[in-house]
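What the coordinates show
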2 protein chains.
Amino acid sequence: MSWHQNRATSNSHKFPLILLKKANCYISCFFFSFLNLQPIGKTILFSFLPILTWLPSYPVRQYLFGDVVSGLSTGVMQLPQGLAYALLAAVPPVYGLYTSFYPVLLYTFFGTSKHTSIGTFAVISLMIGGVAVREAPDSMFSVSASNGTNETDAVLDTEARDARRVEVAVILTCLVGLIQLALGFLRFGFVTIYLTEPLVRGFTTAAAAHVFISQLKYLLGIRTPRFRGPLSVIKSLVAVLIGIPTTNVTAVIIGLLCIVFLFMIKTINDRFKDKLPVPIPGEIIVVIISTGISYGLQISDKYEVDIVGKIPTGLLPPAVPDFSLLPNLFTDAIAIAVVSFSVSISLAKIFALKHGYSVDGNQELIALGMCNFVSSFFHCFTITSSMSRSLVQESTGGKTQIAGFLASLMVLLVVVAIGFVFQPLPQTVLAAIVMVNLLGMFKQLRDIPGLWRMSRIELAIWVVSFIASVLLGLDFGLLVAVGFAILTVIYRTQSPKKIILGEIPNTGLYCDVDEYAEVMASECTGIKIFHSNTSIYFANSDLYINALRKKVNSFWLSGQFRVLTFLKGTTAGGNSNLRPLCPKADLEQGVTEMILSGSAPQLDDEQTNGKAVEPLGDSDPEDTHNLHKPLLQENINIHSIILDFSAVNFIDSVGAKAIKSVMKEYAEVDVQIVLAGCPLLADLRRLQFFEGTVTLDLLFPSIHDAVLHCQHRVGPRPPSPTKRECCSDHQTLVESCC
Amino acid sequence: MSWHQNRATSNSHKFPLILLKKANCYISCFFFSFLNLQPIGKTILFSFLPILTWLPSYPVRQYLFGDVVSGLSTGVMQLPQGLAYALLAAVPPVYGLYTSFYPVLLYTFFGTSKHTSIGTFAVISLMIGGVAVREAPDSMFSVSASNGTNETDAVLDTEARDARRVEVAVILTCLVGLIQLALGFLRFGFVTIYLTEPLVRGFTTAAAAHVFISQLKYLLGIRTPRFRGPLSVIKSLVAVLIGIPTTNVTAVIIGLLCIVFLFMIKTINDRFKDKLPVPIPGEIIVVIISTGISYGLQISDKYEVDIVGKIPTGLLPPAVPDFSLLPNLFTDAIAIAVVSFSVSISLAKIFALKHGYSVDGNQELIALGMCNFVSSFFHCFTITSSMSRSLVQESTGGKTQIAGFLASLMVLLVVVAIGFVFQPLPQTVLAAIVMVNLLGMFKQLRDIPGLWRMSRIELAIWVVSFIASVLLGLDFGLLVAVGFAILTVIYRTQSPKKIILGEIPNTGLYCDVDEYAEVMASECTGIKIFHSNTSIYFANSDLYINALRKKVNSFWLSGQFRVLTFLKGTTAGGNSNLRPLCPKADLEQGVTEMILSGSAPQLDDEQTNGKAVEPLGDSDPEDTHNLHKPLLQENINIHSIILDFSAVNFIDSVGAKAIKSVMKEYAEVDVQIVLAGCPLLADLRRLQFFEGTVTLDLLFPSIHDAVLHCQHRVGPRPPSPTKRECCSDHQTLVESCC
């Protein structure tokens, strides 16, 4: 507090905002009276109510103006978006206004993101609308009005239906809030780390597609049923296409005009960003003008254009949601809670990164949970951050949650004073506003070529996330996308580089012999140094061992030796007393392949009787024929294999067993396998790796030590290659592989 | 072929088995007539029909005796198990005998595992039974027989019901076979690498629990409905407990006697394994004796003990399955196909490892698929490998698939000749046989203490696999278990070691300064070498950066500096022109913590007015109070941070961005971050890492080079520490950390 007071008093003579400063001071004093609490309680309180940490040090002079401008700009957007998204949520428009007030106010106290604009959001509204329509379908509210004859005309009791849908949306929101609170208190905010950027961008693009298609019917002024569940996008699109003949031309014209106008305003705002003090509030202009025109021309009556309809003035008293609906909504609530949090935290992270502060995932969950839970008592539906509004809030100079606070006050003003004014607003205008707002999201399609160049795996995440979310719906789509993203990690551990290292002469540095051939990296005689940048665990221990065998050519070595022993007349039975030269599995396979490729008969010509297999020079040429002769000479001399474990991050019991068994197998043919640079000593001990023939002697702190050991083992010490000159030519090294 | 002929002829004068040898020769000749095919076709044929590779070289003298003994022993087991498991599958017992013949015969040709015994298996039978009962419930076949009054007694048309259930089982088997074939041809055998050992053992233990509970009702002679789906085990158990009062005492006594007898035989077989030429066939003894007793005493009529019932003699003509049922069964078929394959391949792998040959996952899929598909035309239900039979087949000296072939012939003999003999066999005896066979599986519970010591993560996989499979059913359980196993890999990448390295004097070796303090590993002045054995990707880039910051103490450094600058009267506003010393996020957090812990007021005493925060010595003591003073002096001198990338296996765009931004942040406070031992150069380039301030100059092939660079950068070159003596004391090093 002293700090804040100090700054406040020292600055007080310089600026005219004395009144605000004083208020600020009082607020600070009030907050700091909490400080008599125990330290731990204090910490918890501060983390639960982040406003306590930032408001006392709120730099009025620097921040307030920006926050006011930003708050007003955002508030102006909250209004039309609230109306528009209420339609998506299948509730009367005024509930969108409520939703643009209560949660936004609450977030000021609980939120940690300074730039996201909480409130109605198209995707979430769409998900709520789906549930509301499912739980309160039109068919439930058709009052049969007998018209004198036997026939009964079904008349829709829209009032009862809407009331019911509001109830569904509200209890759903309450449940979402509870789930988010529970997840927040259980510290489940960490799950967001699985929402990698390509995933979120693919997902939000898919969400934009969902919303865009849902808006088409409003733009065209046609009526189609709502679909939900997998493939609902396609069903909706088909329904709209079928309904095109019933298009309301007036509605389309108004909608398209609005789209063109809004698009122009958006372009101007973008282009003259530096010159405009505040972006032109295109949306509110469109709303005001079209409301006026609609009212003047009475287009609702004359041209049958759907309008917003009744907007009651003032707020409703709080009410307890109808918990009897709860059981049906649980799955939906989980999906909405997760999607809402995902959208919010990914936006918050983007802004936090840009402005150099951190957001706390758990606290964001709690903040969203509080907003949803408390607001549900005030007839609101679920909220999250909206990308379009957040961008405006940030770009108009918003610095803290104060901007959101002011925006909510502005909405409040409209609700209690002039809400009824918007009654003649055509729905097609709202659709136009929503669609233009989606443009930014669709721009994310441009990610694809960049990702293609940068990383195919991340492109795959983007595409899977997009397609799954479009086709399966946002809830299942998100699940599939996260599952896929996790599988890519597994895939990466299973597709490592497998290389043979060689020493760069007189440096003690060991590099890929193929890649660094220029700098003369060469293998040490009789020693194979195998490096694979992967952990060794159940899903890739087989791959590791196979790669090792392939790289050290044991396969061909064994195949050759097998044929040689055969030629010497040794019995070929599996139980023979022939001392196996190589792993048994290789033996069998080697022989099979030899037979198949004709190598064995070729070496064994006098017994084929001319009618059996002929030497097939062209069969599997690169597998056996071309390779086996030189390899025979080269590999027969290998006495040691060094496994470079420096890049092995973890090992499990399956991996340890695999390594141990391959060590034993090679030991049978007098090839010693040693481990170098192994950081997993403790793990290996626990996995009982060092039992039997495998001892600690086979472990070396570096490749170089292992090489020296291996050279020492087989013969007199060679002239020491150990003196390591300071590697001044590392630059050459680095550049040579590019 | 020449090879085989050579061996065959050279051995022919030595052994009396000339007849068999000749047959063998003819078979070989027949097979090799295929060799006129093109080489690729040949390869495919050989891989599709593995018998072509091993039969021609079948060492009659060495293998045949073992195979015959093993085949007879296994065949003797196939009989009672076939009868017992047919009951599990809810089909008449004779279909179990069919299933013990056709698929076993086929596997001889297509299988690659030499020791697994294909045939009926309890778990699979149970799954099939669940589907059969669902699709053909008792209620479908109750014929209402009016008995004169108004009431109608429901009489069960068991014959029609059983016929229907057979149809369901057969079409399900056909579908399973098709799915397995498809997966095999699509080379999906690799999925088994995700079936890690703890997972399989937990899963099979759970399967044993399922089967055990399903057998209780037969053992007790009571009748309960069948349950399926999640929690079916608990429902079944409750139903059995409720039904206990209706226990048939005779059945229980017979069953328990059989269990005791079988258990004794099992113990004798285990203890005198070396002395017995062949294990005592306890099961067939029990079956024969109890059949005799049952027939003699007519226990079915007199004591109402359920018996096996009608067993028709001979085989049925093949028939096309009823494909109209297909759509309902698709999900079940997938689950059964996967479980059947999982069980089979995990058994096959165990034996292959033990005997040093390799099994081909894809070919095993094809083999199982062929067995199931073809057999389904002969009224069989789904098969897989049975653990109990496979153990017998292997331990009695079975060497190749010939053993299975002989076993199937033995079953054939019984079916066409003396099947009817088993009609009076009590069902409780079959239940006893099944239960005793499960003992081996339950022994896997002993894994738990061992895993507890070796690896908690693998224990978690075991336990999750077990509990999920018991509670959710085997299909969902397997899915959950595989998902969990994959998540453990993610978890491992997210819980790496994070260490600061120091040089062991005059070696050029860099080790954990804490762990290797004994060998004098010490940090280089002004340089922090950060090592973390993890890849840097979306799910752990945050963790990596946070660990880095924590380890190099930048947090406290920044907090202190922040307070110092504040004391100097600099404005505290976020937008001040103060050159930031450290990452902004740290700044904010640092200040908050300072205020909370009372550090700031403590340094700033003259302005607190005595009434605000008091220095709270006991708040977060290890976080701030005790640390900040020494750190202040020590860390202010850090000029370089070296990130040891040698253990970084892969990096994605999120990770690259995170590293780049942390490099920039530290550069702002004149701390240079360089990368050492980076094997990811190509990846980093593609991710556009080397743009802007980050250049290739910051990349070094080894830590040592990076250290030299950093030392060179800040001052005159120190006396070279580069001469590296051959590290003869590596053993000390390795042992010091144990």
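About the criteria used
- Residues numbered from 1 in each chain as written.
- Chains lettered and ligands numbered in written order.
- Predicted model: local features only at pLDDT ≥ 70, side-chain atom pairs only at ≥ 80, totals over all residues.
- Heavy atoms only, no water.
- UniProt positions renumbered as here; feature names shortened; annotations may be inferred.
- Helix = DSSP H or I, 4+ residues; strand = E, 2+ residues; numbered from the N terminus.
- Buried < 20%, exposed > 50% of the residue type's maximum accessible area, 1.4 Å probe, protein only.
- Phe/Tyr/Trp six-rings, centres within 6.5 Å; stacked < 30°, edge-to-face > 60°.
- Lys NZ or Arg CZ within 6 Å of the ring centre and 35° of its normal.
- Axes fitted to C-alpha atoms, helices over the stretch in contact; angles between N-to-C directions.
- Parallel < 35°, antiparallel > 145°, perpendicular 65-115°, else oblique.
- Left-handed = near helix turned anticlockwise from the far one by under 90°.
- Contact = heavy atoms within 4.5 Å.
- Nonpolar A, V, L, I, M, F, W, Y, C, P; charged D, E, K, R; others polar.
- Pairing = 2+ DSSP bridges.

Under an unreviewed UniProt entry, chain A has the name Solute carrier family 26 member 5 and belongs to Scleropages formosus. Turning to chain A, the UniProt record has this under Subcellular location (unreviewed entry): "Membrane".

What follows concerns unusual backbone geometry. Residue and element names in this part refer to chain A. A positive phi angle is found at Gln298, which is not glycine, with a value near 50°. Structurally, Gln298 can be placed in the loop between α13 (282–297) and α14 (299–303). We classify Gln298 as partly exposed; its relative accessible area is 44%.

Moving on: the packing of aromatic side chains. One pass over the structure, following the stated rule, counts 28 aromatic pairs over all chains. Between Phe48 of chain B and Phe185 of chain B, the aromatic rings sit 6.3 Å apart at their centres with planes inclined by 25°, giving stacked as the arrangement. Of this pair, Phe48 of chain B sits in helix α3 (residues 39–48) while Phe185 of chain B sits in helix α9 (residues 158–185), placing them 137 residues apart in sequence. Taken together through their ring pairs, the aromatic side chains of Phe48, Phe110 and Phe185 of chain A make up a single cluster. Positioned over the ring face of Trp452 of chain A is Arg456 of chain A, at 3.8 Å from the centre of the ring.

Residue and element names in this part refer to chain B. For the pair helix α15 (residues 326–355) and helix α17 (residues 387–395), interaxial distance at closest approach is 11 Å and the crossing angle is 20°. Viewed along their axes, α15 and α17 adopt a mutual orientation that is roughly parallel. Once α15 is placed against α17, the crossing between them reads as right-handed. Between α15, through Leu347, Phe351, Lys354 and His355, and α17, the contact on the second element is made entirely by Met387, Ser390, Leu391 and Glu394. Here the residues of the contact of α15 with α17 are counted per class, giving four nonpolar, two polar and two charged.

Attention now goes to the sheet that holds strand β5 (residues 498–504) of chain A. All names here are of chain A. Strands sit in the order β6-β5-β7-β8-β9-β10 across an open sheet of six strands; the sheet is mixed. Strands with a single pairing partner mark the edges of an open sheet, and in this sheet they are β6 (509–512) and β10 (699–700). Looking at chain direction, β5 and β6 are connected through four bridges and run antiparallel. Each bridged residue has a counterpart across the sheet, and for Glu503 the counterpart in β6 is Tyr510.

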